[in-house]
Amino acid sequence: MDEKLLEILDQFDLHVKNTYRGRGGTICVTENGTTILKEFHSSAGKLADEYELKKNLRAEGFCLVDQYVRNKQGTFFAEDRYHTVYIMKEFYEGRECEIRNVSDVRIAGRNLALFHKTARKIPVSVRAKKQYSPLPFLLEKRTRELKRAKTYMESTMKKGEFEHLYIKSFQTFFEQAKEALSICDRIGEKGEESALGICHGEYNQHNIIKTEKGIATINLEHFCYQNQLLDLHHFLRKAMEKNGYHKEFAQKILMGYSGIKPLDEKDYQFLYLLLLYPDKYFKIANHYNSRRKAFISPKDMEKLVDTIEQNKKKEEFLEWYQAEYLHGIS
C-alpha cells in the first residue's frame, strides 16, 4: 500500500486489511466490511442531499444502496497532500447486471420500479426541486443543439467525412425530434406531473449489482427530480441498442417495471416519444458543439455510423411498440 493511499485511509476509522483497484476507485477490505475510495468531483451540498436520500431510502425498506462513510472528524471528505478530495462509500460484492440477459434486465426493471416507488415516499430536497426542468424544455434545448451543429458544419470551409455524414443524415433524425416534441406538446407539462419524482439519473447495467443479499443500486451521484420515466427510458434504450432492438428485451424490462409500478397509456406515450427522440444522435451533436476540433476522432465517426445504421431497426421496433402498447398514437 503506497504512502499517499495510507495517508488518505488514515483519516477514516477503519482497519484496512487489503486494497485493490476496481469500479473506478480503490476497493478496501476492512474488518467491518468492504468499502470503495474515490476522488470527489461534485459539491458538498449535493453529497449531503444524496446522503439524506439514501438514509431515507433505507428507512423505507430500499436498503441496498451504497451509503457514504464518515471520517474520524465526522465529515465525508478526505484530502491527500496535493489537496485532492476523496470520499468513501460502502461497496457491494457481486456481478453487474448482464444487459444481454433477458432475466437480468427484467429484474433490473423491477428494481427500478421499487426505487421509484420508494423514492415517492421521501421528501424532495429544495436543491433538487430547483433544478427540475419540464420535459418539453429539455427536448427543445436538445433539438436546438442538433440544429446548431448542422449550421456550424454547413458554414465551415473545412468539412471532413464526419461533417458530410452528419449533414446528410440530419433531416431523418431532425424529423424524429420534431415528432417527439409534437407528442410531448400534446401530453403537455400538466400531463407530466404524475410522473415526477426522484430519478437515479444514471440507471444502467454498471450501477445494478446482483449480490447474495439482493439487487444493490449504486452510484446515485446524478440523482435528480424529474420525470421518472427518463430513468426507465435510459435503461430501455441502452438494452435495445446492445441487443439489436430485439423486442423481447423491451417486453421483459416493461414487464418487470409495471409489475411493481403499473404503467398507463400516458406513461407508454412518454416512453414512446423518449425512444423516438434521437438521443444518441443528440449526444454526438452535443459533443461536437463542445469541442469543434479540426480532428474528429475515429470513435466519434464510429458512433455516428452506428447510430445511422441502427436507425432502421429502431424504426421497426417503434412500429411494434406502437402496435403493442399504444395501438397507434392519435
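Here goes a summary of the coordinates provided.

Cut-offs applied
Residues numbered from 1 in each chain as written. Predicted model: local features only at pLDDT ≥ 70, side-chain atom pairs only at ≥ 80, totals over all residues. Heavy atoms only, no water. Helix = DSSP H or I, 4+ residues; strand = E, 2+ residues; numbered from the N terminus. Buried < 20%, exposed > 50% of the residue type's maximum accessible area, 1.4 Å probe, protein only. Contact = heavy atoms within 4.5 Å. Areas by Shrake-Rupley, 256 points an atom, 1.4 Å probe, with all protein chains shown as cover. Lys, Arg positive; Asp, Glu negative; His and termini not counted. Charge placed at Lys NZ, Arg CZ, Asp CG, Glu CD. Disulfide = S-S within 2.5 Å. Pairing = 2+ DSSP bridges. Salt bridge = Lys/Arg side-chain N within 4 Å of Asp/Glu carboxyl O. Phe/Tyr/Trp six-rings, centres within 6.5 Å; stacked < 30°, edge-to-face > 60°. Lys NZ or Arg CZ within 6 Å of the ring centre and 35° of its normal.

**Here we look at the overall build of the protein**
Phase 1: From N to C terminus, the protein includes 11 helices and 10 strands.
Phase 2: When each of the 330 residues of the protein is scored for burial, the buried share is 49%.
Phase 3: The contacts in the protein between residues at least 6 apart in sequence include a share of 73% that link residues at least 24 apart.
Phase 4: Total accessible area computed for the protein in this model is approximately 16600 Å², and 49% of it derives from carbon and sulfur atoms.
Phase 5: Distance between charge centroids for the protein: 2 Å, based on 54 positive and 48 negative side chains.

**Quick notes on the state of the cysteines**
Covalent bonding between the sulfur atoms of two cysteines is what defines a disulfide.
Phase 1: This structure, assessed with the given rule, holds 0 disulfides.
Phase 2: Cys 199 provides the cysteine sulfur closest to Cys 184, a residue in no disulfide bond, and the two sulfurs are 14 Å apart.
Phase 3: A relative accessible area of 2% places Cys 184 in the buried class.
Phase 4: There is no disulfide at Cys 199, and the cysteine sulfur nearest it, in Cys 224, is 4.6 Å away.
Phase 5: The buried category is assigned to Cys 199, whose relative accessible area is 1%.

**Some words on unusual backbone geometry**
Phase 1: The backbone of His 83 shows a phi angle near 70°, a positive value even though the residue is not glycine.
Phase 2: Summarising the element assignment, His 83 is placed in the loop between strand 4 (78–79) and strand 5 (85–90).
Phase 3: For His 83, a relative accessible area of 62% corresponds to the exposed category.
Phase 4: You will see that Asn 219, though not glycine, has its phi angle at about 60°, which is positive.
Phase 5: Relative to the helices and strands, Asn 219 resides in the loop between strand 9 (214–217) and strand 10 (224–227).
Phase 6: The exposure class of Asn 219 is buried, given its relative accessible area of 16%.

**Considering the sheet that holds strand 3 (residues 33–39)**
Phase 1: A sheet is described by the order of its strands in space; here 5 strands give the open sequence 1-2-3-5-4, paired in antiparallel fashion. Every interior strand has two partners, whereas the edge strands, strand 1 (16–22) and strand 4, have only one.
Phase 2: Strand direction decides the pairing type here: strand 2 (residues 25–30) and strand 3, joined by 5 bridges, are antiparallel. What sits directly across from Thr 26, in strand 3, is Leu 37.

**Regarding the pattern of salt bridges**
Close approach of charged atoms allows side chains of opposite charge to pair.
Phase 1: Going through the model one piece at a time under the given rule, you end up with 20 salt bridges.
Phase 2: Measuring nitrogen to oxygen at the nearest pair gives 3.0 Å for the salt bridge that ties Glu 145 to Arg 148. Here the residue Glu 145 and the residue Arg 148 both occupy positions in helix 5 (residues 135–155), the gap between them amounting to 3 residues, near one helical turn.
Phase 3: Residue Lys 178 is joined to Glu 175 by a salt bridge in which the shortest nitrogen-to-oxygen separation is 3.4 Å. Here Lys 178 and its partner Glu 175 are both found in helix 6 (residues 161–192), 3 residues apart, which amounts to about one turn of the helix.

**Some points on the packing of aromatic side chains**
Phase 1: Under the definition given, this model contains 19 aromatic pairs.
Phase 2: Judged by centre distance (5.8 Å) and plane angle (90°), the rings of Trp 320 and Tyr 325 are edge-to-face.
Phase 3: The exposure class of Tyr 325 is buried, given its relative accessible area of 17%.
Phase 4: Following the ring pairs from residue to residue traces out a cluster consisting of Tyr 245, Tyr 268, Tyr 272, Phe 317, Trp 320, Tyr 321 and Tyr 325.
Phase 5: The positively charged end of Arg 70 is found above the aromatic ring belonging to Tyr 51, 4.9 Å away from the centroid.

**What about the sheet that holds strand 8 (residues 208–211)?**
Phase 1: Here 3 strands make up an open sheet; going across it, the order is 6-8-9 and the pairing antiparallel. This sheet does not close on itself; its edge strands, each paired only once, are strand 6 (95–96) and strand 9.
Phase 2: Of the pairings in the sheet, the one linking strand 6 to strand 8 comprises 2 bridges and is antiparallel in character. Along strand 8, the bridge assignment pairs Arg 95 with Lys 210.

**Digging into the side chain of Asp 300**
Phase 1: Note on placement: Asp 300 falls in helix 11 (residues 298–326).
Phase 2: Buried and unpaired, Asp 300 has no salt bridge, with Lys 303 as the nearest side chain of opposite charge at 5.4 Å.
Phase 3: Here Asp 300 is in contact with Phe 162 and His 287, once residues within four sequence places are set aside.

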